[in-house]
Amino acid sequence: DAGVTQSPTHLIKTRGQQVTLRCSPISGHKSVSWYQQVLGQGPQFIFQYYEKEERGRGNFPDRFSARQFPNYSSELNVNALLLGDSALYLCASSIRQGTTEAFFGQGTRLTVV
Amino acid sequence: GDSVTQMEGPVTLSEEAFLTINCTYTATGYPSLFWYVQYPGEGLQLLLKATKADDKGSNKGFEATYRKETTSFHLEKGSVQVSDSAVYFCALSISMFSGGYNKLIFGAGTRLAVHP
């Protein structure tokens, strides 16, 4: 079975632009979470989605938004990009909401110039 | 608030040396505890977990015991290999009752370099 897949793997954007990152969870997993990992730090929680609804949000500005589709895949959108948004964006899937164990994708490396 | 503190790296060891990476946590309630490993250019891989006090998680020769009295979850391995070189993250999972979901809180990571 395929693990969590994310696309693209790398992305370079200009300050002020918008970006969309994509994630496909493990087959059978219904919950998707997004994390931001700035270089040299641990990942920080951005969102969790379950059954197409936002269930939790971390301390990130409204420029960050996400959605989950009927097939449980998810997109993370970031508007008005800032240099500080440069990071590795990780998607994690869990079999259901409230499950403690999460499985991560390889991440999307976003560079804002 | 809830947090995880790891020993700073880098940790540099010779092959077959003993490894300890310290991790302590602060949390309300009873979190589950995890160690994740990140190899260069890759995402996070779950290494081991423990869900309640005194549980020992183990995988690939790595071990960690959930110590509630000292709020610790130290990672150990008896004999490291060059292939163990990576960044190791300690994390806790907390339940957010307002939304009915769990989120992971990570430490800053500890880089391990193993030399032949």
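You'll find the structure just up there.
Residues numbered from 1 in each chain as written. Chains lettered and ligands numbered in written order. Predicted model: local features only at pLDDT ≥ 70, side-chain atom pairs only at ≥ 80, totals over all residues. Heavy atoms only, no water.

Asker: I'd like to hear about unusual backbone geometry, residue by residue, with values.
Answerer: All names here are of chain A. Geometrically, the link from Ser7 to Pro8 is a cis peptide bond, its omega value of -10° lying close to zero. Note that Pro8 resides in the loop between strand 1 (5–7) and strand 2 (10–13). Here the phi dihedral of Lys52 falls at roughly 70°; this positive angle occurs in a residue that is not glycine. (Helix = DSSP H or I, 4+ residues; strand = E, 2+ residues; numbered from the N terminus.)

Asker: Residues and numbers for the side chain of Ser74 of chain A, please.
Answerer: Residue and element names in this part refer to chain A. Mapped onto the elements of the fold, Ser74 is located in strand 8 (residues 74–78). Overall, Ser74 belongs to the buried group, its relative accessible area being 1%. Separated by 2.9 Å, the side chains of Ser74 and Trp34 make a polar contact. (Buried < 20%, exposed > 50% of the residue type's maximum accessible area, 1.4 Å probe, protein only. Polar contact = N/O pair within 3.5 Å; in protein donor to acceptor, adjacent residues only side chain to side chain.)

Asker: How would you summarise the interface of chain B and chain A if you had to cite specific residues and measurements?
Answerer: Across the boundary between the two partners, chain B contributes 20 residues, which contact 22 residues of chain A. Together, the buried faces of chain B and chain A total about 1,600 Å²; carbon and sulfur atoms form 52% of this surface. Contact with chain A buries surface across chain B, with Leu44, Tyr101 and Asn102 of chain B losing the most and accounting together for 31% of the total. Two residues, Lys49 of chain B and Glu101 of chain A, come together in a salt bridge whose shortest N-O distance is 2.3 Å. Elements that contribute at least two residues to the side of chain B that touches chain A include exactly strand 5 (32–38), strand 6 (44–50), strand 10 (86–96) and strand 11 (101–106) of chain B. The leading source of residues in the side of chain B that touches chain A is strand 11 of chain B, at five residues. Split by residue class, the side of chain B that touches chain A holds nine nonpolar, eight polar and three charged. (Contact = heavy atoms within 4.5 Å. Buried area = accessible area lost by both parts, 1.4 Å probe. Salt bridge = Lys/Arg side-chain N within 4 Å of Asp/Glu carboxyl O. Nonpolar A, V, L, I, M, F, W, Y, C, P; charged D, E, K, R; others polar.)

Asker: Can you lay out the pattern of salt bridges for me, pointing to particular residues and giving the numbers?
Answerer: Residues and elements named next belong to chain A. A complete count under the given rule lists 10 salt bridges over all chains for this structure. Here Glu53 makes a salt bridge to Arg55, at a shortest N to O gap of 4.0 Å. A relative accessible area of 47% means that Glu53 is categorised as partly exposed. Through salt bridges with shared partners, one network takes in Arg22, Arg67 and Glu75.

Asker: Could you give an account of the sheet that holds strand 8 (residues 62–65) of chain B, naming the residues involved and the relevant values?
Answerer: Residue and element names in this part refer to chain B. Ordered in space as 3-9-8-7, the four strands form an open sheet in which the pairing is antiparallel. The strands lining the two open edges of the sheet, one partner per strand, are strand 3 (19–21) and strand 7 (56–59). On average, each strand axis in the sheet is tilted by 15° relative to the strand beside it, whichever way the strands run. Looking at chain direction, strand 3 and strand 9 (residues 75–77) are connected through three bridges and run antiparallel. Bridging from a neighbouring strand, Thr20 pairs with Glu76 of strand 9. (Pairing = 2+ DSSP bridges. Axes fitted to C-alpha atoms, helices over the stretch in contact; angles between N-to-C directions.)

Asker: Requested: an account of the side chain of Thr108 of chain A, with residues and values cited.
Answerer: Residues and elements named next belong to chain A. Positionally, Thr108 belongs in strand 11 (residues 108–112). Judged by relative accessible area, Thr108 falls into the buried class, the value being 0%. Of the polar contacts made by the side chain of Thr108, one reaches the backbone oxygen of Pro8; its length is 2.5 Å. Apart from residues lying up to four places away in sequence, Thr108 is in contact with Gln6, Ser7, Pro8, Thr9, Leu21, Ala87, Leu88 and Tyr89.

Asker: Which residues make up the environment of Ser95 of chain B, and what values do they have?
Answerer: Residue and element names in this part refer to chain B. With respect to the secondary-structure elements, Ser95 resides in strand 10. Each C-alpha atom, one on Ser95 and one on Thr28, is 9.9 Å from the other, the two residues being 67 residues apart in sequence. Those residues within four positions of Ser95 in sequence are excluded, and the remaining contacts are Tyr101 and Asn102. Reaching out from Ser95, the side chain makes a polar contact with the side chain of Asn102 at a distance of 3.3 Å.

Asker: If you had to explain the sheet that holds strand 3 (residues 19–24) of chain A to someone new, which residues and values would you point to?
Answerer: Residues and elements named next belong to chain A. The strand order across the open sheet formed by four strands is 1-3-8-7, and the pairing between neighbours is antiparallel. The open sheet terminates on both sides in strands that have one partner only, identified here as strand 1 and strand 7 (64–68). Taken pair by pair, the neighbouring strands of this sheet meet at an average axis angle of 15°, ignoring direction. Relative to strand 3, strand 1 runs antiparallel, the two being bridged by three bridges. Its bridge partner being in strand 3, Gln6 is matched across the sheet by Cys23.

The values are spatial; any link to function lies outside them.
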